[in-house]
Amino acid sequence: MIEAKHRAALEALLRDRVAFDVPLSRHTSLRIGGPADALATPADRDELGRLLALCAELGLPTRVLGAGFNVLVSDAGLSGVVLRLKKLRRIERVADDAIAVEAGASHATITNYCIDAGLSGLEFGAGIPGTLGGWLAMNAGIGVRELKDVVRSVTWMSARGELEAPVARADLDFRYRALAGLPPGAVLVGAELSVTPSDRATVKAEIDRLLAHRTRTQPTDIPSCGSVFRNPPGDFAGRLIEAAGLKGTREGGAEISTVHANFIVNRGGATAADVLALVARAREAVREATGVELETEVQLLGREAAEHGGASR
Ligand SMILES: Cc1cc2nc3c(=O)[nH]c(=O)nc-3n(C[C@H](O)[C@H](O)[C@H](O)COP(=O)(O)OP(=O)(O)OC[C@H]3O[C@@H](n4cnc5c(N)ncnc54)[C@H](O)[C@@H]3O)c2cc1C
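Analysis parameters
Residues numbered from 1 in each chain as written. Predicted model: local features only at pLDDT ≥ 70, side-chain atom pairs only at ≥ 80, totals over all residues. Heavy atoms only, no water. Helix = DSSP H or I, 4+ residues; strand = E, 2+ residues; numbered from the N terminus. Rg over C-alpha atoms; globule rule 2.2 N^0.38 Å. Buried < 20%, exposed > 50% of the residue type's maximum accessible area, 1.4 Å probe, protein only. Contact = heavy atoms within 4.5 Å. Areas by Shrake-Rupley, 256 points an atom, 1.4 Å probe, with all protein chains shown as cover. Lys, Arg positive; Asp, Glu negative; His and termini not counted. Charge placed at Lys NZ, Arg CZ, Asp CG, Glu CD. Near = heavy atom within 4 Å. Polar contact = N/O pair within 3.5 Å; in protein donor to acceptor, adjacent residues only side chain to side chain. Nonpolar A, V, L, I, M, F, W, Y, C, P; charged D, E, K, R; others polar. Domains from an automatic or database assignment. Salt bridge = Lys/Arg side-chain N within 4 Å of Asp/Glu carboxyl O. Buried area = accessible area lost by both parts, 1.4 Å probe.

Assigned secondary structure in the chain consists of seven helices and 18 strands. Whereas a compact globule of 313 residues would reach a radius of gyration of roughly 20 Å, the chain reaches 20 Å, a difference of no more than 12%. Considered along the principal axes of its C-alpha atoms, the chain spans approximately 55 × 55 × 35 Å. Going through the 313 residues of the chain one by one, you find that 50% of them count as buried. Put simply, of all contacts in the chain between residues at least 6 apart along the chain, 64% involve residues at least 24 apart. Approximately 13,900 Å² of the chain is accessible, and the part contributed by carbon and sulfur atoms is 49%. When the 37 positive and 39 negative side-chain charges of the chain are each reduced to one mean point, those points stand 2 Å apart.

In structure tokens:
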């Protein structure tokens, strides 16, 4: 709950770009999640800066939600202010072989821009749903290629709303499905990405090929959050969960996908507690069968998430 005078201060800054007690199930691909105390959609970088400064001054915690494709929000929801950057979505050609992209640009917007401009290099992102901010924070990728391979520099704002100078790729700590070393509460606002001039037909053909492969191997027509677990070194989480006989296992409305065992899908009415129960079962079964300790890739946000290794607020 945000007290009345803090609500008034947020409304004075953002007008209709802030809403209160918003169910996050409407903003996550799993269609799961309790309410955010406040959901704010700043109009531009300037307003984002002023909003972060205000939250810091009022002592309100903040958390960025990209497009919600790799998060599990607890049923109790999230306290403080959840930020969405979907209005920061500009893409600009800054060199023959580079584009500058704002953090709220979606995978579809980036993909379509590259097709229209005949730019190659980002085809692998076409099937990784989300925003540039989520791609960077997760170092999203498809095995052979990850965001870190195309990043030239990244720009963020501090938790107090100060815009920092762009940080070059060589000084960034990209890891497997993570960008480590960001200051606490930093908000990614954009990046420069490398591209190679090509032609529309070639770029589109590669995208179509990758998307067709994905449709064959992943449950793309039912709510999910992508991979639940990180792949352990030298193996695949999905293979281990399938070998433990858990494909199709259900808990309430949640199910370990019958198509790909590292996906948990929402068959209707699933809660975060249902998903967390399946996470615990998969971990236990794989540990018992192989001794491997699976770690979650999906970001667990909210109060009950703490005991499962997620952020607690
Ligand atoms: C069907 C399906 C298939 C998928 N396939 C893949 C795949 O092949 N490869 C892969 O890597 N992922 C995959 N994913 C997962 C997901 O697409 C990626 O993790 C993507 O990068 C999430 O982006 P998002 O904007 O939705 O981020 P969110 O899920 O909203 O957020 C993810 C994390 O990033 C943080 N974050 C987001 N924006 C910012 C910002 N601006 N500043 C600071 N932190 C930020 C959030 O706080 C959160 O911790 C898949 C998901 C689905 C549903």
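From this point, the discussion proceeds with the structure in view.
Relative to the helices and strands, T296 resides in the loop between α7 (272-290) and β18 (299-301). Sequence spacing of T296 and N231 is 65 residues, and the spatial spacing of their C-alpha atoms is 9.2 Å. In this structure, T296 is in contact with V228, F229, R230, V279 and R283, ignoring residues within four places of it in sequence.

The environment of the ligand is formed by 34 residues, the closest being V64, G66, N70, P129 and G141. In this structure, an oxygen atom belonging to the ligand sits 2.9 Å away from a main-chain N or O atom of F69. T131 has a polar side-chain atom sitting 2.7 Å from an oxygen atom of the ligand. Among the secondary structure elements, those contributing two or more residues to the shell around the ligand are β3 (62-65), α4 (132-138) and β13 (187-194). Ranked by residue count, the leading element in the shell around the ligand is α4, at five residues. Classifying every residue of the shell around the ligand by side-chain character gives 19 nonpolar, 12 polar and three charged. Built from parts of two domains, the shell around the ligand gets at least three residues from each of domain 1 (4-84) and domain 2 (91-198).

In this section: the pattern of salt bridges. The full count for this structure, using the stated rule, is 22 salt bridges. Measuring nitrogen to oxygen at the nearest pair gives 3.1 Å for the salt bridge that ties E255 to R267. Of this pair, E255 sits in strand β16 (residues 254-256) while R267 sits in the loop between β17 (264-266) and α7, and the two are 12 residues apart along the sequence. For E255, a relative accessible area of 5% corresponds to the buried category. Judged by relative accessible area, which is 43%, R267 ranks as partly exposed.

Bringing the domain arrangement of the chain into the picture now. Per the domain assignment, the segments making up the chain are domain 1 (4-84), domain 2 (91-198) and domain 3 (237-308). The C-alpha centroid of domain 2 is placed 22 Å from the C-alpha centroid of domain 1. Of the residues lining the interface, 12 residues belong to domain 1; the matching set on domain 2 comes to 14 residues. Contact between domain 1 and domain 2 buries roughly 1,100 Å² in total, counting both sides, with carbon and sulfur atoms accounting for 69%. If you sort the residues of domain 1 by the area they bury against domain 2, R45, L52 and F69 come out on top, with a joint share of 47%. For the pair domain 1 and domain 2, the number of links is one residue pair in polar contact (both at pLDDT 80 or more). Ranked by residue count, the leading element in the side of domain 1 that touches domain 2 is helix α2 (residues 45-58), at six residues. Per-class residue counts for the side of domain 1 that touches domain 2 are eight nonpolar, three polar and one charged.

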